[in-house]
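# Survey of secondary and tertiary structure
Each chain, letter by letter, is given below.
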Amino acid sequence: MFLGVTSGMPLSKVNTAIQNGLGGTLGFVATVVGIGGIFGQILEASGGTEAIARTLIRRFGKDKAHWSLVMAGFLIAIPVYFDVGFIILVPVVYALAKDTKRSTLFYAIPLLAGLAVTHTFVPPTPGPVAVADMLGADLGWVILIGSLIGLPVAILAGPVFGSYISKKIDVAPPKHMMEELNNGTEQSECSLPSFTAVATIIGMPLLLMVVKSVIELLIKLGYMQEGIVYDISVFVGHPFTALIIATLMAAYFLGTRRGFTRKQLLDVSAKALAPAGMIILIIGSGGAFKEMLIQSGVGNVLAEGISATKLPPIVLAFIIAAAVRITLGSATVSMITAAGIIGPILEAYTLSEIHLALIVISIASGATILSHVNDSGFWLVGKYLGLTEMQTLRSWTVMETIIALGGFGIALLLSFFV
């Protein structure tokens with residue numbers, strides 16, 4: 001509002017621009033975040049997240065548990081918020097560290113890396129969904145590119161860096177956290193849903209969205225013709241439909257068939273929408289900011305000024321997101337703010353769907369860099385792992401920066417070929 005007034009916009013158009021920006025963004029994003037939140041909450045309540053972690057650790061073995069934890073984090077963060085996934089699985093980290101007498105960081109860093117990469121790179125988590133919508137990027141390509149870039153980056157920042165830093169910082173599981181978590185209820189192995197069922201349900205919406213994008217590309221290249229296959233793929237591959245299918249599958253196979261009553265499923269769904277409210281408001285504000293930049297003409301001024309620097313859009317996107325991240329702390333807020341600034345600038349370029357997806361990853365990378373004391377994740381990790389501020393900076397902050405630079409580096413390299 002301040003931007004619109006001070007830029008000389010007619011006052012009658014300021015609130016209209018805010019309304020259009022909020023409505024245009026939330027018409028898509030609010031639905032995805034809301035349904036995705038319910039999906040993730042059902043997965044958490046049913047023990048699906050724990051089932052994934054336990055199964056992977058059993059198959060990899062305790063000697064390679066750090067590899068299983070990075071994969072568990074990568075899968076679980078697709079439907080579950082970062083902080084929720086970490087809090088649910090941190091007892092597994094404690095137990096492994098206690099049994100093997102290793103530093104807690106040997107297991108915690110791989111888990112955190114897997115969670116952090118998916119949280120910022122792979123939809124339907126709120127950040128990349130909102131950025132993709134604001135930039136007009138196809139979600140299917142963002143999922144595919146984000147996964148391809150995210151996996152090697154998660155391995156580098158997780159097991160590789162975790163093995164190194166755990167030798168430098170030897171910390172045991174905090175006694176008070178062990179006692180607190182031991183007082184809670186823990187499901188037995190036999191009461192958990194099967195790994196296959198959980199993995200299938202998580203992968204279903206991603207597969208549907210990616211297939212839709214691939215079919216659209218084949219049609220654009222002339223390898224396929226539009227028809228019934230195209231019509232069906234466009235419908236079921238739309239994020240609304242794909243997430244509704246996955247949520248209904250989760251409600252039935254992980255809920256109803258495992259003894260959940262309708263009242264319990266309703267309570268789980270209602271609980272999921274509480275944290276989604278703040279996220280939706282933040283994303284809506286980002287949409288309003290972007291619309292104000294466009295309507296006030298400030299976006300054109302930014303575009304002209306930044307284009308004079310001769311830097312490619314993918315580099316500008318990373319720099320803007322990184323600057324906001326270091327200043328404000330929140331990764332989601334940084335992504336939305338950067339997308340609002342870079343969106344009007346991209347209108348001056350002709351970019352392919354894949355290049356737009358790479359810019360989304362570039363923004364996500366910049367919004368991950370240098371997590372420090374103004375980021376809630378910094379304190380969450382430090383508290384649960386019993387780290388001092390300096391130890392958290394040397395472990396968590398460095399891990400986040402590896403993810404940021406690795407993701408941006410690969411995205412920049414790929415941008416020269418698309």
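Residues numbered from 1 in each chain as written. Predicted model: local features only at pLDDT ≥ 70, side-chain atom pairs only at ≥ 80, totals over all residues. Heavy atoms only, no water.

As enumerated under the stated definition, the model contains eight aromatic pairs in all. Positioned above the aromatic ring of Phe106 is the side chain of Arg102, whose terminal nitrogen or guanidinium carbon lies 4.1 Å from the ring centre. Taking NZ or CZ as reference, Lys383 lies 5.0 Å from the ring centre of Tyr384, over its face. (Phe/Tyr/Trp six-rings, centres within 6.5 Å; stacked < 30°, edge-to-face > 60°. Lys NZ or Arg CZ within 6 Å of the ring centre and 35° of its normal.)

To continue, consider the pattern of salt bridges. Going through the model one piece at a time under the given rule, you end up with six salt bridges. One salt bridge in this structure joins Arg54 and Glu50, with 2.4 Å as the shortest N-O distance. In this pair, Arg54 and Glu50 are both assigned in helix α3 (residues 48-60), four residues apart and thus about one turn of the helix distant. There is no split in this pair, since Arg54 and Glu50 are both buried. For Asp267, the salt bridge is made with Lys263, and the minimal N-O distance between the two is 2.9 Å. Here Asp267 and its partner Lys263 are both found in helix α13 (residues 262-296), four residues apart, which amounts to about one turn of the helix. A relative accessible area of 38% means that Asp267 is categorised as partly exposed. Put simply, Asp138, Lys212 and Glu216 are held in one network by salt bridges that share partners. (Salt bridge = Lys/Arg side-chain N within 4 Å of Asp/Glu carboxyl O. Helix = DSSP H or I, 4+ residues; strand = E, 2+ residues; numbered from the N terminus. Buried < 20%, exposed > 50% of the residue type's maximum accessible area, 1.4 Å probe, protein only.)

Where nonpolar side chains cluster on the molecular surface, the patch consists of Phe60, Trp67, Leu156 and Val160 and spans about 340 Å² of accessible area. Inspection of the secondary structure puts Leu156 in helix α8 (residues 139-168). (Patch = residues over 30% accessible without salt bridge, like charges linked within 9 Å, V, L, I, M, F, W, Y side chains within 5 Å. Areas by Shrake-Rupley, 256 points an atom, 1.4 Å probe, with all protein chains shown as cover.)

Let's shift gears to the confidence of the model for the chain. For the chain, mean pLDDT is 87; residues scoring 70 or higher make up 94% of the total. Per-element confidence in the chain is highest for helix α19 (residues 389-415), whose mean pLDDT is 96, and lowest for helix α9 (residues 175-182), whose mean pLDDT is 60. (pLDDT = per-residue confidence, 0-100.)

Residues Arg102, Lys167, Lys168 and Arg394 make up a contiguous surface patch of positive charge. Its location among the elements puts Arg102 in the loop between α5 (82-100) and α6 (105-121). The class of Arg102 is partly exposed, set by a relative accessible area of 41%. (Lys, Arg positive; Asp, Glu negative; His and termini not counted. Charge placed at Lys NZ, Arg CZ, Asp CG, Glu CD.)

Let's shift gears to empty space enclosed by the protein. In the structure shown here, the tally under the stated rule is one cavity of 30 Å³ or more. For the largest cavity, the lining is made up of 14 residues, of which Gly36, Gly37, Pro79, Pro124 and Thr125 are closest to its centre. Ranked by the residues each element gives to the lining of the largest cavity, the list is headed by helix α2 (residues 11-45), at five residues. Split into classes, the residues belonging to the lining of the largest cavity amount to 11 nonpolar, three polar and no charged. (1 Å grid on protein atoms, 1.4 Å probe; cavity = no way out; pocket = protein on both sides within 12 Å on 5 of 7 lines; lining within 4 Å. Points joined across faces, edges and corners; volume = space filled by probe spheres on them. Nonpolar A, V, L, I, M, F, W, Y, C, P; charged D, E, K, R; others polar.)

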